[in-house]
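Here is what each chain is made of, one letter per residue.
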Amino acid sequence: MSQSVYVGIDLGASRTKVAVLDAAKNVIGRAVHNSGTDYGQTAELCLKEALSMAGVGMDAIAAGIATGYGRSNVTFANATKTEIACHGKGCFHYFPHAISIIDIGGQDNKIIKLSDAGLRTEFKMNRKCAAGTGAFLEEMSLRLNIPLEAMNDNAKKSTDMVKLGSYCTVFSGTEVLENIRHGKKVADIVKGLFFSVIKRVLEMDSLTENVVMTGGVVAHNPYLVDMAEEIIGRKIEVPPYPQFSGAIGAALFAINQ
Amino acid sequence: MAEEKKVVRKVIQTSKDMGRFMKDYYYELNEAATTGNRKIAWCTSVGPTELLRAMGFLVYFPETHGAMLGSTRTATDMIPAANALGYSPEICSYLTADVGAYLNKFTPLSKAYPGIETVPKPDVLVFNTNQCRDVQDWFAYYAREYNVPVIGVYTNRSVGDVTETIVDDVAKQIEGLVKPLEEISGNRFDMDKFKEVVGLSRRCSDRWKEVLETNAAKPAPMTFFDSSTLMGPAVVGRGTQVAVDLYDQLLAELKDKAAKREAAVEDEKFRIYWDGMPVWGRLSAHSKLFAGLKANVLSSTYCSSWIFTALDADDPFRSMARAYTELFIVRSDDYKETYIKDKLDFFDIDGIIYHDARTCPNNSNCRYGMVKRVEKLSGIPSLTIDGDLCDMRCVSDEQTKTKVEAFIEQLDELKG
Ligand code: SF4
């Protein structure tokens, strides 16, 4: 008989992530896909892949917790938890002291503050606006006609960052066009976009001493972390599998059940 | 699979009588408007209604129409017509919904009260800027449309101490309304009648205060979502005996519930304070959301806005001036913070929700750093939700749900 595993499913607005943990809290399987339009189906696909990576079958699942916007669409979870709780749990697992977590997701950003005991003291989510989220960078990569995956390398190459002042995605789009018209280099514009993402997130709340960054946007664009470190003037920690923090936290809740 | 729990909400019997009161109120206004048998004054919700009533007017409050457009979820369809006229989507959505409804020749009153075709046409429009400037612009619009006079009281805002100077000024302004109102109504001002109305208004206010305070009981017998509608007669009927009687009845019912430990929210575990306006189009959804989490939103700044403890029949003008300036919405942040702290203590609150209503900065108290200051003062955690009173384009249900659930999880963790 195979070992018992614990599953966390984070059904986010853009991507669905599944993490499989063993009883010793090691991540032994994971998978991610676009959430698409059929949440239930995507969750099952991710689950299958993550279990296969872990080398176990469905019968090995001892418990599962769903989180994220689509959490109630997951049929195989025992219970649901909010993504705020799961991100907190997932990060505290790797950094067990008082932390401020900055999560940059596809559709929303969060700042979550945890105490030394891992208790949440405060959290903020961005307002109903895509500025500063992954959706903003996706939209801008389309405008600049460069693949999303190429944004990080582009930003790193910048020598003369373009300053973008607008608050909203539509205005930023116009500003980007204006800079293209003025012959600014794409790399400098991308760095400007990264800078505006960080600024939008940092204005959501103040941060405590120890800062952790997570989320798919951070996982794919690690240069954002370097820029954020420069702005706040101190080191920022990133957990293993930053895109899976919510899913890992959900799986940890499953273990505790 | 985690299933959404069915939430049973407790009925408040008196609400049926409140409903009848509101029905009679609107039919009476409609009759006056269609037959011309009584003059009609439109008044802002915390405007000088006692004087208008004493002068023989029937009083109509466009803000309750705005709230109705909100709660029937028709506001969002009306607002664009006002926007197209140059009334920004960023200003009061009561105003834009109401003006939009006027332009669309629509009123939710028709469905609620068959036979009523339009809102009652005014003979005069009377505002007090104590709550905001929007009411003045709103009434100015109708003054032009209906070609009727608009008069009002200009009150200071962000008031710290309500000084004698302020009271003198506002009292003089209220007195100054008498002459034009005599001309419009054709009635002579009668001091005895005025005193009687002010006395009744005070009694209504006292009862309403007591009603809200019954929620100090554990478990609380009522929710904020109940009181948002139960306050109807305190808004439109203050200054009448029937409103006093209704709140006597409601008070008795709630006291009885409290004595029997009848909870408004089953297994009440979290006691929540709501600052800001209700999201009218989501009153029932929010009520279910919180009840499903064993959380009772049981006290609010908003519902307490119709408490006018300073009213005094022996000194009607000055006491009205004081009462309508002492209100929370008129005051400085220092005052507001102490006020909220007192409520948190009185109702033994576990968490605070701030509703940041996109189109009403006047009722959104989370924009000038108060959230962190109150948290420091009280040690009670809080959550800000983005939304609006009427404009559902500013409301994200999914985000609200996630935030509220996460907040209750947080309170649960803190309770241990
Ligand atoms: S206080 Fe706010 S909701 Fe009330 S009328 Fe003024 S702007 Fe509108």
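Scoring rules and cut-offs
- Residues numbered from 1 in each chain as written.
- Chains lettered and ligands numbered in written order.
- Predicted model: local features only at pLDDT ≥ 70, side-chain atom pairs only at ≥ 80, totals over all residues.
- Heavy atoms only, no water.
- Near = heavy atom within 4 Å.
- Nonpolar A, V, L, I, M, F, W, Y, C, P; charged D, E, K, R; others polar.
- Domains from an automatic or database assignment.
- Contact = heavy atoms within 4.5 Å.
- Buried area = accessible area lost by both parts, 1.4 Å probe.
- Pairing = 2+ DSSP bridges.
- Helix = DSSP H or I, 4+ residues; strand = E, 2+ residues; numbered from the N terminus.
- Axes fitted to C-alpha atoms, helices over the stretch in contact; angles between N-to-C directions.
- Salt bridge = Lys/Arg side-chain N within 4 Å of Asp/Glu carboxyl O.
- Buried < 20%, exposed > 50% of the residue type's maximum accessible area, 1.4 Å probe, protein only.
- Right-handed = clockwise from strand over helix to strand, strands pointing away.

## Looking at the site of the ligand
Phase 1: Around the ligand, the structure places C92, Y94, Q131, C132, D134, V135, M277, C360, N362, N363 and L389 of chain B.
Phase 2: Among the residues making up the shell around the ligand, the classes are represented as seven nonpolar, three polar and one charged.

## A word on the domain arrangement of chain A
All names here are of chain A.
Phase 1: Splitting chain A by domain gives domain 1 (5-84 + 244-256) and domain 2 (97-238).
Phase 2: For domain 1 and domain 2, the distance between their C-alpha centroids amounts to 26 Å.
Phase 3: Listed per partner, the contact involves seven residues of domain 1 and eleven residues of domain 2.
Phase 4: Summing both sides of the interface, domain 1 and domain 2 together bury roughly 690 Å²; the carbon and sulfur share of this comes to 61%.

## Digging into the sheet that holds strand β10 (residues 236-237) of chain A
Residues and elements named next belong to chain A.
Phase 1: Across the sheet, which stays open at both edges, the five strands sit in the order β8-β7-β6-β9-β10 with mixed pairing between neighbours. Because the sheet does not close on itself, it has two edges, and the strands there are β8 (120-125) and β10.
Phase 2: As defined by bridge partners, strand β6 (residues 99-104) adjoins strand β7 (residues 109-114) across six bridges and the pair is classed as antiparallel. Counted as the bridge partner of I101 is I112 from β7.
Phase 3: On the sheet, helix α6 (residues 186-202) packs against β6, β7 and β9 (211-214) and is oriented at approximately 130° with respect to β6.

## Examining the interface of chain A and chain B
Interface size is often expressed as the accessible area that is lost when the parts come together.
Phase 1: Taken together, the contact between chain A and chain B spans 27 residues of the former and 22 residues of the latter.
Phase 2: Around 2,100 Å² of area is buried between chain A and chain B when both sides are counted, 48% of it from carbon and sulfur atoms.
Phase 3: Here chain A is connected to chain B by four salt bridges.
Phase 4: With its nearest N and O atoms 3.0 Å apart, the salt bridge here joins K372 of chain B to E122 of chain A.

## Description of the environment of F171 of chain A
Phase 1: By the secondary structure assignment, F171 of chain A is in helix α5 (residues 169-181).
Phase 2: Each C-alpha atom of the pair F171 of chain A and G29 of chain A lies 41 Å from the other, and the pair is 142 residues apart in sequence.

## Considering the environment of A62 of chain A
Residue and element names in this part refer to chain A.
Phase 1: Among the structural elements, A62 can be located in strand β4 (residues 61-67).
Phase 2: Given a relative accessible area of 39%, A62 falls into the partly exposed group.
Phase 3: A62 sits 40 residues away from D22 along the chain, and the two C-alpha atoms are 9.7 Å apart.

## Considerations on the pairing of strand β7 (residues 351-357) of chain B
Residue and element names in this part refer to chain B.
Phase 1: With respect to burial, β7 is a largely interior element, seven of its seven residues being buried.
Phase 2: Neither face of β7 is left uncovered, since the one carrying G351, I353, H355 and A357 and the one carrying I352, Y354 and D356 both have all their residues buried.
Phase 3: Relative to β7, strand β5 (residues 270-275) runs parallel, the two sharing four bridges. Bridge assignment links D275 to a residue of β7, and that residue is Y354.
Phase 4: As defined by bridge partners, β7 adjoins strand β8 (residues 382-387) across six bridges and the pair is classed as parallel. Considered in β8, the bridge of I353 is made with L383.
Phase 5: Regarding the hand of the β-α-β motif, the stretch spanning β7, helix α17 (residues 370-378) and β8 is right-handed.

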